[in-house]
Amino acid sequence: MHPDLLLVQQSIFSPRGEVAAVLSRLGIILTIVAILAVLIVTGLIAVAMRRRGVLEAGTAPLAAFRASDHTGRRWVMIGATVAFVILIATGIYSIRVILHYSAGFDRADLTLDVTARQYWWEVRYPSPEGAEAILGANEIHVPVGRRIRINLHSGDVIHSLWIPALGGKTDLIPGRQLAMWFTADTAGVYHGQCAEYCGISHANMLLTVIAESPEAWQTWRMNQQLRPAPDTAVTRIFQQRGCAACHRVAGQMDGQGGPDLTHIASRASLAAGVVPNSAAGLRAWLRAPQAMKPGTRMPRTGLSDGDLDRLVAYLRSLK
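Residue positions are given per chain, counting from 1 as you read along its sequence in written order. The predicted nature of this model means local features are confined to residues of pLDDT at least 70 and side-chain atom pairs, given and counted, to a pLDDT of 80 or more, with totals for whole chains, interfaces and linings taken over all residues. No hydrogens and no water enter the side-chain calculation; it runs on all heavy atoms of the structure.

Thoughts on the packing of helix α7 (residues 279–287) against helix α9 (residues 305–316)
Where α7 contacts α9, the two axes come as close as 10 Å, and the packing angle between them is 130°. If you check the angle between α7 and α9, you find them oblique. Our pair here, α7 against α9, has a crossing hand that is right-handed. Residue-level contacts link Ala279, Leu282, Arg283, Leu286 and Arg287 of α7 to Asp305, Leu308, Asp309, Leu311, Val312, Leu315 and Arg316 of α9. Residue composition of the contact of α7 with α9, by class: 7 nonpolar, no polar and 5 charged. Here an axis means a line fitted to C-alpha atoms, over the contact stretch when the element is a helix, while the angle between two N-to-C directions is reported on a 0 to 180 degree scale. Going along the chain from the N terminus, every DSSP run of H or I of four or more residues is numbered as a helix, and every run of E of two or more is numbered as a strand. Here the angle decides the label: under 35 degrees means roughly parallel, over 145 means roughly antiparallel, 65 to 115 means roughly perpendicular, and every other value means oblique. Left-handed describes a crossing whose near helix is turned anticlockwise from the far helix through less than a right angle; right-handed describes the clockwise counterpart. Contact definition: two residues touch when any of their heavy atoms are within 4.5 Å. Note on residue categories: nonpolar means Ala, Val, Leu, Ile, Met, Phe, Trp, Tyr, Cys or Pro, charged means Asp, Glu, Lys or Arg, and polar means any other residue, Gly included.

Quick notes on unusual backbone geometry
With omega at 0°, the peptide bond leading from Gln118 into Tyr119 counts as cis. For Asn138, which is not glycine, the phi torsion reads 70° and is therefore positive. Here Asn138 lies in the loop between β4 (134–137) and β5 (139–143). Located in the positive-phi region is Ala272, a residue other than glycine, with phi close to 60°. Considering the arrangement of structural elements, one finds Ala272 in the loop between β14 (269–270) and β15 (275–276). Remark: exposure states derive from per-residue accessible area (1.4 Å probe, protein chains only) relative to the maximum for the residue type, with buried under 20%, exposed over 50%, and partly exposed in between. With relative accessibility at 1%, the residue Ala272 sits in the buried group.

As for the pattern of salt bridges
Salt-bridge detection follows one rule: a side-chain nitrogen of Lys or Arg within 4 Å of a carboxyl oxygen of Asp or Glu. Within this structure, the stated rule accounts for 7 salt bridges. Its salt-bridge partner being Asp309, residue Arg283 comes within 2.5 Å of it at the nearest N-O pair. Linking Arg283 in helix α7 with Asp309 in helix α9, this pair joins segments that are 26 residues apart in sequence. The residue Asp305 makes a salt bridge to Arg287 at a minimum N-O spacing of 2.4 Å. A residue pair is termed long-range when its members are at least 10 positions apart, and Asp305 in helix α9 and Arg287 in helix α7 qualify at 18 residues. Given a relative accessible area of 39%, Arg287 falls into the partly exposed group. The network of salt bridges with shared partners includes Arg248, Asp254 and Asp260.

What follows is the structure in structure tokens.
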């Protein structure tokens, strides 16, 4: 669906933004420091034990400790001091990273709202003055090089949003608003996921970030404000089968609780990354959503072949 964009590796070792680069560097530094600390302290303890004759004479450690002078004890203190200095240094560096990240929230160029639900992501973009809200599902479109703040909400249980190439994990907790921010330095497609077990289809709760040039993003945004042409027959099917209670199509129905369908055909996948967004994939999903994604709250539609054909054709036109 986005053939002109680079597919970015889903890895903390391939940072493509300011936050991801800082966190990746922090992780590497802490790992190296931890290994060095273990080696240094272990070596000093070995020296102390050897000085006391534990390794050479095979005497009991307590007896050797009492019989020896303070030489071995001095090596232990040196090891403790080295460990303490390393701990303080890494703590100061970690605090600097936290302060840098915290300061970024007040410098955001664009603020979005993301609500996690079992098992998909609802995305709400800021509305231009006088315009209707732009709603999306399972995809976040952002301009390259801009600070993006995401206000995080949960509609049911605890979730966690993680986009490895752009930033760290942030929880979404019912009744609380948390936030994260990131920048995408390179145009491309970035994959993320829910990183907190939230139910039977937790692993089927994927998220895609599409980063484009500011000009391409503005074009996408303007397209998202367009309303599709109404279809009376399809609207009737939506109402008869209960689809209108959960789904929204701008200007035709205003359901709540399910993904917005106004521009569903423009997305790369369905059901939060589980089903390819093709005519065949959409047909299979509408026939048996529970079989394709266990635990999903979308019930069987019971559509006849004729109604299914009409509904698939209409949804495929919503670009």
